[in-house]
Every structure is written in C-alpha cells, then in structure tokens.
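Descriptive analysis of the structure
The lines below spell out each chain.
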Amino acid sequence: MSNLQLSTIHLINGASISSLPGLIAVTPPKKCARGRDTDMLVALIHLTGQTSITSDAMQEWLLKKSALFYSTPGSVVTAMRLMAESINHELFDRNLKKGFEGSRVNGSMSMMVLRKDTAYCLVIGDSKIYLLAERDAIEIVDGDNHPAGLGESQTINCAFSQHTVKDGDAALLAPIPSPRWTVTSLDGSGKLTTDELMRKLMDQHPENLKGVLVRVEEGNGRIVIREGGTGEPAAVT
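None of these values were measured; they are calculated from a predicted model.

Procedures and definitions
Residues numbered from 1 in each chain as written. Predicted model: local features only at pLDDT ≥ 70, side-chain atom pairs only at ≥ 80, totals over all residues. Heavy atoms only, no water. Helix = DSSP H or I, 4+ residues; strand = E, 2+ residues; numbered from the N terminus. Expected span 1.5 Å × (residues − 1). Buried < 20%, exposed > 50% of the residue type's maximum accessible area, 1.4 Å probe, protein only. Contact = heavy atoms within 4.5 Å. Pairing = 2+ DSSP bridges. Salt bridge = Lys/Arg side-chain N within 4 Å of Asp/Glu carboxyl O. Phe/Tyr/Trp six-rings, centres within 6.5 Å; stacked < 30°, edge-to-face > 60°. Lys NZ or Arg CZ within 6 Å of the ring centre and 35° of its normal. Core = buried A, V, L, I, M, F, W, Y, C linked by side-chain atoms within 4.5 Å.

Its 16 residues place the ends of helix α1 (residues 55-70) 23 Å apart at the C-alpha level, agreeing with the 22 Å of an ideal helix rising 1.5 Å per residue. Looking only at α1, the buried set comprises M58, W61, L62, K65, S66, F69 and Y70. Residues of α1 that are buried make contact with β3 (23-26), β4 (39-49), α2 (76-98) and β5 (105-115).

Okay, here's the thing in structure tokens:
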C-alpha cells in the first residue's frame, strides 16, 4: 500500500487558516466489511448557507459517514455511493424541515478512494478534483447534479471515474478552487516536489480558497496531514 501525504489549503478573505473543516482522511479500521481492507478514503466537503455546525461537530458527522463506507461490503463505488447518498439525504431532510425559515444548507463534495494503484473519484456540486501526473492533468467535475450540490434534491447522480495512479502522482480536491487552476496550467505538475507544487497552487491566489493536495508516496498505508501545507505533520493515521 502507498502512503498519502495531505497538504491543506484554506484562505478566508486572504488570511491563511491552518485548519480545514470538512476534510476527512481515513485508513481502513481493523474491523471493516469485505473488500474495504485496502481502501484509503479522502473526502472534502464544503457547506454553504446558514449553518451553526462547529468544526468538531462536522468532523464527528463525517467520520460517522466514513464508518458507513467501511462497513459496506461490495465494490468501491457501492460504498462511495452509499456514503454520498447518506450525506445528501441528511442535508435534504434538514432543508425540508428548516428551509422555509431561510436557512437552507447545501454542500459540494470531492471524494477519492485509493485502492492499490487505482483512484476512484466522485464530485458533487461545484467542487473539482484534479489528478496530476508527470505528463498531464485531468479535471473531474459534476455535470449531472444541481450546482448547489448536496441537499438540493432528494436523489443525486453519482458519476464515478477511476484512474491508475503511481507513487509520486497527486490529486487536488478543491471545493473552492483558484481560477488559475486549469488543466493547462497544471499540466505536468506531478513532476514537481510537494513544496514546489504548493507554491505553484498559491501563486496569485484569490481571497478565498479551499482545497487539499493529496500526494501518493511509497509506504505502508499511512496518511499524513500537513495543515497549511508546511511544517511538521499535524496528524498521522
């Protein structure tokens, strides 16, 4: 199994924020459903609208959803779909009950599962995923659901894609991307070091930015998170 090194990107009104609410990165628990024992899950969700949920409460909520993923047997996409639909159902149900008060909450989501040398990707709403290799870049977007994303409709269309990856490749999960992040500008970025790539991503950045750079590295199935993309790891799983 490879390791995943995560470097967070979070700017609000030009100020750098070390934490990144809505990010979960999980390795398989000791007890998981058949077929989940090599799946490494990374998801980044951005909520919009009037919500009072705290960062800790959101983290707890998403970890429960990741537990649903790991307890679901069968194919990778079956477990990913169940997790995404569960999140959408809760937000939609909340909007049915409280939306008339003008407090609708929607969400966009980028989800990636790494199984050995294959990355399974799902995007809902305005979020994006960029897959960065040595020679090219691929942009993954949601062309099927309402732009508001999660919580807008009772059902969502999950359009999965799968891609072969190798150590050294990277993925950029971005619910609030920079307009400078394009397939053309990111082409071949996988050959850069993580620090070089982070500097490239932060070049002439907008006031608000939210994403996480996921680097695939040789290893034994660990996830390391560097908050703000620099310094010592903030979390290791």
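Resuming the write-up.
Another point: the pairing of strand β7 (residues 128-132). Summarising burial for β7: four of the five residues are buried, a large majority. Of the pairings in the sheet, the one linking β7 to strand β10 (residues 170-176) comprises five bridges and is antiparallel in character. Residue L131 lies in a different strand from β10, and its bridge partner there is A171. Here β7 folds back onto strand β8 (residues 137-140), and the loop between the two strands holds four residues.

Applying the stated criterion to the full structure yields 10 salt bridges. We note a salt bridge from R115 to D39, for which the minimum N-O separation is 2.9 Å. Of this pair, R115 sits in strand β5 while D39 sits in strand β4; the two residues are 76 residues apart in sequence, bridging distant segments of the chain. D203 serves as the salt-bridge partner of R180, at 3.3 Å between the closest nitrogen and oxygen. Separated by 23 residues along the polypeptide, R180 in the loop between β10 and α3 (183-186) and D203 in the loop between α4 (194-202) and β11 (209-218) bring together distant segments of the chain. Owing to a relative accessible area of 40%, R180 belongs among the partly exposed residues under this scheme. Through salt bridges that share partners, R36, D39 and R115 make up one connected network.

Moving on: the packing of aromatic side chains. Here the structure, examined in full by the defined rule, presents one aromatic pair. Aromatic pair F69 and Y70: ring centres 4.9 Å apart, planes at 85°, arrangement edge-to-face. F69 gets classed as buried once you look at its relative accessible area, which sits at 0%. In this structure, R36 is placed above the aromatic ring of F69, and the distance from its NZ or CZ to the ring centre is 5.4 Å.

The subject of this paragraph is unusual backbone geometry. For N13, which is not glycine, the phi torsion reads 50° and is therefore positive. Looking at the secondary structure, you find N13 in the loop between β1 (2-12) and β2 (15-16). Owing to a relative accessible area of 58%, N13 belongs among the exposed residues under this scheme. A positive phi angle, close to 50°, is found at Q204, a residue other than glycine. Structurally, Q204 is set in the loop between α4 and β11.

Turning our eyes to something else, we now look at the nonpolar core. In this structure, I87, M109 and M111 are the most contacted members of the largest nonpolar core, which totals 28 residues. Secondary-structure elements contributing two or more residues to this core are β3, β4, α1, α2, β5 and β6 (118-124). M109 has contacts with L44, I45, A84, I87, L122, V123, I124, S127 and L150, leaving out every residue within four places of it along the chain. Within the second largest apolar cluster, 24 residues are counted, among which are L23, V123, A171 and V214.

Everything listed is a geometric property; what it means functionally is a separate question.
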